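One letter stands for each residue in the lines below.
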Amino acid sequence: MQDALAAMQALATAEGRADPYPHYERLRSAGPVVPLGDGFAVVTGYAEADQVLRDASFRVTDAVALDRAMPGWRTAASWQWLSRTMLWRNAPDHTRLRRLAGSAFTARRVAALRADVTALTEELIEPIAASGGPVDFMDAVAYPLPVSVICALLGVPGADRDWFRPRAQDLTLALEVFAGDPQELARADAASEELAEYFVDLLARRQREPGDDMISELLAAGADGRIGGAELVAHLVLLLVAGFETTTNLLGNGLAMLLDRPEQTARLRADPALSGAYIEEMLRLDPPVQVTSRYAGQDTELAGVPLPEGTEVLVVLAATGRDPRRFAAPDSFLPDRPSVPSLSFGAGAHYCLGAPLARLEAQVAFPLLLEKLPHLRSAGVPTRRDRLGFRGYATLPVAA
């Protein structure tokens, strides 16, 4: 138990977050479910996490939970905005909001984007091929590709995409496991207010000039009384941020794995049809979202560990992908492993709505990168963002 506590303390430091996997293993060594003090438990086991994510009695953080755990939470604008989104809502509100957003992410609509994603990826790769590098892959491809796609889906002008990046990154500080640092929370609060103001203005424009996009569809839903006001604005902020943040990290984390594994890179270059299996392995081995949380809605038990009502349960998604009970050779990159779905996009009612879109973008991007840039290689030391919840690169220098 003491070692598990020490592991959690290490994850609260920049050094521990830089390479969290040894600390996840220290937590796992204490069991798949580890109680750490009153009202808190950590889950690292695949089966146990899957159960938590699918069981409706384990609830996401909502206003009720926040009122109990942090009575002063409403003073943080970013937490107030998040509490209006489906991310921090349980049924029936979650069901209603997810259904409204679902129309943008249907299998048919996502599949129809393949040609556009391909064209955009080729456009982003072209200057890299022309210059030879070095360039920062995060700036050149990993950010502009997904943000352009989600902007097009929502109906956000593409010219505004660079404006979103720092604000979206600041807003996600409010979602971090150890959120609460006054300076970081102030940045998240400022970002939430600026993003909200942006969407209030854009909604007014779309009200006057509707288009074939999700914002126009949501305005129509608002006219029917299904969503409106601050809830609608918060909904759009979430969809924009979630629509590219995860994919940006997937592209960066995935390319870093390929650059470290030239044999695997050569194999994918020779057979682009393997991209789906490669991406699933990237998601399992170093997922863009490392943790999520729930709380026990009633007295229950998980893997023999009692969890009284109200217990906060931290689900370490990144650790579940390396559970040796579920994955053979869990620390190895093996795209040929039997198809076992990871929990990198969650499970159950809160399964990531944008997962099919993220997979599509990655399945298009990696084969094109390897085809158009046959000599793609590392061009310097990459830097990680100092985050635990959202794991990704700040810079990833490459040359062609």
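Residues numbered from 1 in each chain as written. Predicted model: local features only at pLDDT ≥ 70, side-chain atom pairs only at ≥ 80, totals over all residues. Heavy atoms only, no water.

(A) Region of interest: helix 3 (residues 21–29). Considered for burial, the residues of helix 3 that qualify are Y21, H23, Y24, L27 and R28. End-on, the buried residues of helix 3 take up no more than an arc of 155°, which puts them together on one face. One or two steps after helix 3, the chain reaches G31, where phi turns positive at roughly 125°. (Buried < 20%, exposed > 50% of the residue type's maximum accessible area, 1.4 Å probe, protein only. Helix = DSSP H or I, 4+ residues; strand = E, 2+ residues; numbered from the N terminus. Arc of directions from axis to C-beta.)

(B) Local environment of the pattern of salt bridges. Under the defined criterion, the tally for this structure stands at 26 salt bridges. Among the ionic pairs, R205 bridges to D201, the shortest N-O distance being 3.3 Å. Of this pair, R205 and D201 both sit in helix 13 (residues 182–208), 4 residues apart, which is roughly one turn of that helix. Between R384 and D286 there is a salt bridge, with its nearest N and O atoms 2.8 Å apart. Of the two residues, R384 sits in strand 10 (residues 383–384) while D286 sits in the loop between helix 17 (275–285) and strand 5 (291–296), which places them 98 residues apart along the sequence. With a relative accessible area of 25%, R384 lands in the partly exposed category. One salt-bridge network, in which partners are shared between bridges, spans R89, D93, R96 and E231. (Salt bridge = Lys/Arg side-chain N within 4 Å of Asp/Glu carboxyl O.)

(C) Inspection of helix 16 (residues 262–270) at higher detail. If you check which residues of helix 16 are buried, you get Q264, T265 and L268. Burial along helix 16 is one-sided: seen end-on, the buried residues are contained in an arc of 100°. Exposed residues on helix 16 whose side chains face more than 90 degrees from its buried face are P262, E263 and A270. If you follow the buried residues of helix 16, they end up packed against helix 15 (229–259), helix 17 and helix 19 (355–372). (Contact = heavy atoms within 4.5 Å.)

(D) Geometry of the packing of helix 7 (residues 93–102) against helix 15. Look at helix 7 against helix 15: their axes get within 12 Å of each other, and the N-to-C directions meet at 60°. Between helix 7 and helix 15, the angle is such that the two are oblique. Once helix 7 is placed against helix 15, the crossing between them reads as right-handed. Here R96, L97 and A101 of helix 7 lie close against helix 15, whose contacting residues are E231, H235 and L239. (Axes fitted to C-alpha atoms, helices over the stretch in contact; angles between N-to-C directions. Parallel < 35°, antiparallel > 145°, perpendicular 65-115°, else oblique. Left-handed = near helix turned anticlockwise from the far one by under 90°.)

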